[in-house]
Amino acid sequence: MLCSELNQRAGDHERGSVGGRDAGGPVFLLHRTGVSATFSPAAERTCSRAGVRFLRLQDEDNLLNGRQSFLWLRLLLFLWLAIGGPVSQVNASHQHFHPHSIKITGDITLGGLFPIHSRGPHGLPCGELKKEKGIHRMEAMLYALDQINSDPELLPNITLGARILDTCSRDTYALEQSLTFVQALIQKDTSDIRCSNGEPPIIRKPERVVGVIGASASSVSIMVANILRLFEIPQVSYASTAPELSDNNRYDFFSRVVPPDSYQAQAMLDIVKALGWNYVSTLASEGNYGESGVEAFMQISREAGGVCIAQSVKIPREPTAGEFDKIIKRLMETSNARGVIIFANEDDIKRVLEAAKRANLTGHFLFVGSDSWGAKSSPIMELEDVAEGAVTILPKRASIDGFDQYFVSRSLENNRRNIWFAEFWEDDFRCKLTRPGIKLDPDKKKCTGEERIGRDSSYEQEGKVQFVIDAVYAVAYALHNMHQNLCPGSSGVCSNMDPVEGRLLLDYIRAVNFNGSAGTSVLFNENGDAPGRYDIFQFQMTNHSHPGYHVIGQWTNNLRLNLEEMQWSGGDKSVPDSICSFPCKPGERKKMVKGVPCCWHCELCDGYLYQLDEFTCEACPSDMRPAPNRTACRPTPIIKLEWNSPWSLVPASLAMLGILATSFVVITFIRFNDTPIVRASGRELSYVLLTGIFLIYLITFLMIAEPGVVVCAFRRLLLGLGMAITYSAMLTKTNRIYRIFEQGKRSVTPPKFISPTSQLAITFILISVQILGVFVWFAVIPPHTIIDYEELRPPNPDLARGILKCDMSDLSIICCLSYSIVLMVTCTVYAVKSRGVPETFNEAKPIGFTMYTTCIIWLAFVPIFFGTAQSTEKMFIQTATLTVSMSLSAFVSLGMLYLPKVYVIILHPEQNVQKRKRSFKAVVQAARLSQKSSEKQNGETKIEPDRSQ
């Protein structure tokens, strides 16, 4: 009896046991929750003595986990297949061995995997019923089978059947369930198995599944695809979008009628760019769908550039209390990244929105949701204010009217083939069905069976119904085309299609191209992916009669987004910002933050820099300055000393006054040329000296005039020439007086070169030195104008000016005046030496006072001239200082030497009379008296000079 019990359980798929045989006898693989849970240890010992050996799998979750589970499963299945072990079902009904599956009989059987129930709590495989994702989608497959089987043109005389399983939204559980699909492909040897009465067991041959529709979640599809490809069973998913499944080397028997998340990620990236965002965070549910979706988005954004990821946050598969509050807090660490790309399941989306509301961040985050959010109301229920403005994406779909009519007509009486329909009925109508032996809960109303879907309960077609129907039709069209090629003219399944070869069917599936239930074409690329076609939604609450999701665009290889139709929190039409750094203003360059290409600091191109490009500031050429917005350079204005400037008016007024005064003196001297005072002053040298003074005044106008070649030439010539003439004449006079009185002290013989002609010759020789130097300068550097942009180039470029001036630097001006300064100093020395000569005999004292005053003027000139070298008005100050100093020097000379004479000539002509002619002997006598007087003064005895002569 014990071995009979073992034989019965050896074929029980739902208990999770598979078996085989090796040289030592039968081998059984027992799950921890499978056979050994009900098979007594005594039975194990008894059968072990009979030669039956056990391999116990202690933890299915650890064994069947990821890549490692696939390798273990592959090893075990190959071992089983190689030894031809039996899987038996002994005198049991179908429902006894498949309590969680739907069986639809047919000539060709398709498998179906649907999340009828949610993931169960810890320790339980299944949880609550999923009405939309589970029942709607599963009924869509039954509806498609009914349509195909009733279509005389599609698979004529061939009926499609189905084996539909519940995955309970758990990948490991789905893997266990999917072993049903491969049972028929395993060779079984039952020769050594006998029942307790010695008779061979009755083994029902399981149906052969030629293809599988499903699964829903990407993680489930990945797990199931590993075993289905082992037995070459094609798989067509209606909802799995993980990019990983596009790997045709690992998942070569997998196809899908929905586009992969790589297309979805591209569409979401295009949306982000269209909104002008460049700094976003990502949020993913742990698992293949969420993680691979975010990874695809990040990879595409890296390749395309222009978008940076601020935070990449993962939601744990089993989040702890407060986990979502921590997630919101982490997202706020980069608060500028308001855009959040979210690849998460409905429950996680809802809890993220709840956490944002608890943190008083309603309206802060701008969600861009994947197709798991789509246009569903459940994730945002009672959280509409937080979700307002969320942009979501969903594969382009249409509501199938035929399915609506089919589904709302379902009842407990006409839908007994759906073993979960009674549970759906109770959940949908919130009532309780009576069952024998089960007491009715008094808090719940009793189901009458007369309720109707859509009338007594709300109904809205689930979004993936279209794709479930398209997936079933894709396999049906592939089988139809295969039948036409392999069984031409044959009615029903011919020998060439019995059994259906999986790899050949895969080729036919990949080759289909038909109009799907929504009127769009259904086809696959070389990786089994459907083309990317998406609708773009935005959840809006204002300015609409029906707040909810509104279509704002489409994506089919490129984005078409209607920005005018978009609304944000509070009905605002302007697109909120989600950027790391705001664009720099004109004239500012970007200084990038290391490692974050979307973040930068803005630095002003200050001074004389302008913005060359987005990242570079460059100095303007010397003759230009930055434009007001610092994006280009503009010519620097050129200025010169204007006649109406105060810096010109004062020097010009002084010079004009001086010219008038000089002209008056000259005219007076000419008019009274033969009078004693004029003759006594030395007419020849006086006219030369007055000419020099006139030129000193004249140079002021040349210094103010607009620079040109002629003006510059005369500036060079006259700048030092007027002073050279003036001080050469004065020096000749003082030298003559000094020599006369010094000679008179020693002898009565007059010195040489004291005649007027000699004096003129000496004066012109001294002047010629200045003229010679100027002409040498002309020869070496011809006079020309320049525009000096460096002289008036202050820190503020708006004040920069180019100065039009002659090519005379500060040094060249000083050099030009240096000879005159030498003459001035020399003349001063002789004036000092001649200070003791009686004033009735010479002009030494007036000349001395003139030179003393002139030296004071020029000593004041030097610090003013060079002290303003850094001033922004250097040219004006220096020009004014130079011209005023020269005019003052001329005024001193004119006033000290000629004003007394003109005064006498004009106002006291009675004093302008001839006196006794002074002989050299009288000069000698005066010189000796002067010497004796000087000696006595040194001896502290003062003797008044004799003024009678």
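In this text the structure is predicted, and so the values were computed from the model without any measurement.

### Here we look at the overall build of the protein chain
Link 1 in the chain: Scanning the protein chain for helices and strands turns up 28 helices and 32 strands.
Link 2 in the chain: Classification of the 949 residues of the protein chain by burial places 52% in the buried group.
Link 3 in the chain: Once local pairs closer than 6 in sequence are excluded, the contacts in the protein chain between residues at least 24 apart make up 69%.
Link 4 in the chain: Surface exposure of the protein chain reaches about 43600 Å², of which carbon and sulfur atoms provide 55%.

### Details of the nonpolar core
Link 1 in the chain: In terms of nonpolar packing, the biggest core is built from 67 residues, with L110, M138, M141, L160 and L479 touching the most fellow members.
Link 2 in the chain: Not counting residues within four places of it along the chain, the set of residues in contact with L160 comprises T105, G106, I108, L110, L145, I148, N149, L155, A476 and L479.
Link 3 in the chain: Membership of the second largest hydrophobic core comes to 65 residues, among which are V665, A724, M808 and M875.

### Observations concerning the state of the cysteines
Link 1 in the chain: Throughout the structure, instances matching the rule amount to 9 disulfides.
Link 2 in the chain: Each disulfide pairs two cysteine sulfurs, and for C308 the partner residue is C598, the sulfurs being separated by 2.1 Å. Where C308 bonds to C598 through sulfur, the torsion about that S-S bond is close to 85°, and the disulfide is right-handed. With C308 in strand β13 (residues 308-315) and C598 in strand β25 (residues 596-604), the pair connects residues that are 290 residues apart, well separated along the chain.
Link 3 in the chain: For C308, a relative accessible area of 8% gives the class buried.

### Side note on the sheet that holds strand β30 (residues 638-639)
Link 1 in the chain: The sheet built from 3 strands is open, its strands ordered β30-β32-β31 with mixed pairing. Looking at the sheet topology across the chains shown, the edges are occupied by β30 and β31 (785-792).
Link 2 in the chain: Strand direction decides the pairing type here: β31 and strand β32 (residues 801-806), joined by 5 bridges, are antiparallel. Bridging from a neighbouring strand, L792 pairs with R801 of β32.

### Here we look at helix α21 (residues 683-704)
Owing to its 3.6 residues per turn, the α-helix aligns residues three or four sequence positions apart on the same side.
Link 1 in the chain: Between its terminal C-alpha atoms α21 stretches 33 Å, which fits the 32 Å expected from 22 residues at 1.5 Å a residue.
Link 2 in the chain: The element α21 is extensively covered by neighbouring structure, given that 16 of its 22 residues are classed as buried.

### What to know about the pairing of β25
Regular strands place side chains that alternate from one sheet face to the opposite one.
Link 1 in the chain: One ladder, built from 6 bridges, connects strand β24 (residues 588-593) with β25; its direction is antiparallel. In the sheet register, M592 faces β25, and the bridge partner there is W600.

### Focus: helix α27 (residues 899-907)
Link 1 in the chain: Along α27, the residues that are buried comprise K901, V902, V904 and I905. On an axial view of α27, the arc spanned by its buried residues comes to 160°, and they lie on one face. In α27, those exposed residues whose orientation departs by more than 90 degrees from the buried face are L899 and L907.
Link 2 in the chain: Where α27 is buried, its residues touch α19 (646-671), α20 (676-680) and α26 (874-897).

### Structural notes on the sheet that holds strand β9 (residues 209-213)
Link 1 in the chain: Spatially, the 6 strands line up as an open sheet ordered β4-β8-β5-β9-β10-β11, and their pairing is mixed. Both edges of this open sheet fall to β4 (101-104) and β11 (254-256), since each of them pairs with a single strand only. Pairwise comparison of adjacent strand axes, ignoring direction, gives a mean angle of 20° for this sheet.
Link 2 in the chain: Alignment of β4 against strand β8 (residues 160-166), held across 4 bridges, turns out to be antiparallel. The residue of β8 that forms the bridge with I104 is A162.
Link 3 in the chain: Sitting on the sheet, helix α18 (residues 502-511) is in contact with β9, β10 (235-237) and β11, with an inclination near 25° to β11.

### A word on the confidence of the model for the protein chain
Link 1 in the chain: Averaged over all residues, the pLDDT of the protein chain equals 81, while 82% of them reach at least 70.
Link 2 in the chain: β10 holds the highest mean pLDDT among the elements of the protein chain, 97, whereas helix α2 (residues 35-38) holds the lowest, 32.
Link 3 in the chain: Residue range residues 1-75 is modelled with pLDDT below 50. Its contacts to residues more than four positions away, or to other chains, number 139 contacts.
Link 4 in the chain: pLDDT under 50 marks residues 78-99. Its contacts with residues more than four places away, or in other chains, come to 69 contacts.

### Some thoughts on the pattern of salt bridges
Link 1 in the chain: Taken as a whole and judged by the stated rule, the model has 31 salt bridges.
Link 2 in the chain: Across the salt bridge formed by R417 and D146, the nearest N and O atoms sit 2.7 Å from each other. Linking R417 in the loop between α15 (401-408) and α16 (421-429) with D146 in helix α7 (residues 131-149), this pair joins segments that are 271 residues apart in sequence.
Link 3 in the chain: Via salt bridges that share partners, R229, E232, D252 and R503 belong to a single interconnected network.

### Re unusual backbone geometry
A negative phi angle is the norm for most residues apart from glycine, just as the trans form is the norm for most peptide bonds.
Link 1 in the chain: In this chain, G214 is followed by A215 through a cis amide linkage whose omega measures 5°.
Link 2 in the chain: Along the chain, the position of A215 falls in the loop between β9 and α9 (218-230).
Link 3 in the chain: At the junction of D498 and P499, the peptide bond is cis and its omega measures out at 5° in the coordinates.
Link 4 in the chain: Its place among the elements puts P499 in the loop between α17 (465-486) and α18.

### Here's the deal with the packing of α7 against α15
Link 1 in the chain: Two numbers describe how α7 lies on α15: the axes approach to 10 Å, and their chain directions differ by 105°. Comparing their axes, α15 and α7 come out roughly perpendicular. Listed contacts from α15 to I135, H136, E139, A140, L142, Y143 and D146 of α7 are G402, F403, Y406 and F407.
Link 2 in the chain: Tallied by class, the residues present in the contact of α7 with α15 amount to 7 nonpolar, 2 polar and 2 charged.

### Here we look at a nonpolar patch on the surface
Link 1 in the chain: On the surface, F664, Y903, I906 and L907 cluster together to form a nonpolar patch covering roughly 410 Å² of accessible area.
Link 2 in the chain: No other element matches α27, which puts 3 residues into the nonpolar patch.
Link 3 in the chain: Mapped onto the secondary structure, F664 falls in helix α19.
Link 4 in the chain: Note on F664: relative accessible area 47%, which makes it partly exposed.

### Digging into the environment of D470
Link 1 in the chain: With respect to the helices and strands, D470 occurs in helix α17.
Link 2 in the chain: Sequence separation of D470 and F514 is 44 residues, and the distance between their C-alpha atoms is 9.4 Å.
Link 3 in the chain: Once residues within four sequence positions are removed from consideration, D470 is found in contact with V257, F514, G516, S517 and V522.

### Here's the deal with the packing of aromatic side chains
Link 1 in the chain: What the rule picks out here adds up to 24 aromatic pairs.
Link 2 in the chain: Through a chain of ring-to-ring contacts, three or more aromatic side chains come together here, namely Y143, F403, Y406, F407, F421, F424, W425, F429 and Y459.
Link 3 in the chain: The ring centre of W600 lies 3.8 Å from the NZ or CZ of K590, which sits over that ring.
Link 4 in the chain: When the ring centre of F672 is taken as reference, the NZ or CZ atom of R671 above it lies at 5.0 Å.

### Quick word on the packing of helix α10 (residues 261-274) against helix α11 (residues 288-304)
Link 1 in the chain: Remark: α10 packs on α11, axes separated minimally by 9 Å, with the N-to-C direction vectors making an angle of 55°. The pairing of α10 with α11 is recorded here as oblique in orientation. Relative to α11, α10 is oriented so that their crossing is right-handed. Facing D261, S262, Q264, A265, Q266, M268, L269, V272 and K273 of α10, the residues of α11 in contact are Y289, G293, A296, F297, I300, S301 and A304.
Link 2 in the chain: Split into classes, the residues belonging to the contact of α10 with α11 amount to 9 nonpolar, 5 polar and 2 charged.

Reading guide: rules and limits
Residues numbered from 1 in each chain as written. Predicted model: local features only at pLDDT ≥ 70, side-chain atom pairs only at ≥ 80, totals over all residues. Heavy atoms only, no water. Helix = DSSP H or I, 4+ residues; strand = E, 2+ residues; numbered from the N terminus. Buried < 20%, exposed > 50% of the residue type's maximum accessible area, 1.4 Å probe, protein only. Contact = heavy atoms within 4.5 Å. Areas by Shrake-Rupley, 256 points an atom, 1.4 Å probe, with all protein chains shown as cover. Core = buried A, V, L, I, M, F, W, Y, C linked by side-chain atoms within 4.5 Å. Disulfide = S-S within 2.5 Å. Pairing = 2+ DSSP bridges. Expected span 1.5 Å × (residues − 1). Arc of directions from axis to C-beta. Axes fitted to C-alpha atoms, helices over the stretch in contact; angles between N-to-C directions. pLDDT = per-residue confidence, 0-100. Salt bridge = Lys/Arg side-chain N within 4 Å of Asp/Glu carboxyl O. Parallel < 35°, antiparallel > 145°, perpendicular 65-115°, else oblique. Nonpolar A, V, L, I, M, F, W, Y, C, P; charged D, E, K, R; others polar. Patch = residues over 30% accessible without salt bridge, like charges linked within 9 Å, V, L, I, M, F, W, Y side chains within 5 Å. Phe/Tyr/Trp six-rings, centres within 6.5 Å; stacked < 30°, edge-to-face > 60°. Lys NZ or Arg CZ within 6 Å of the ring centre and 35° of its normal. Left-handed = near helix turned anticlockwise from the far one by under 90°.

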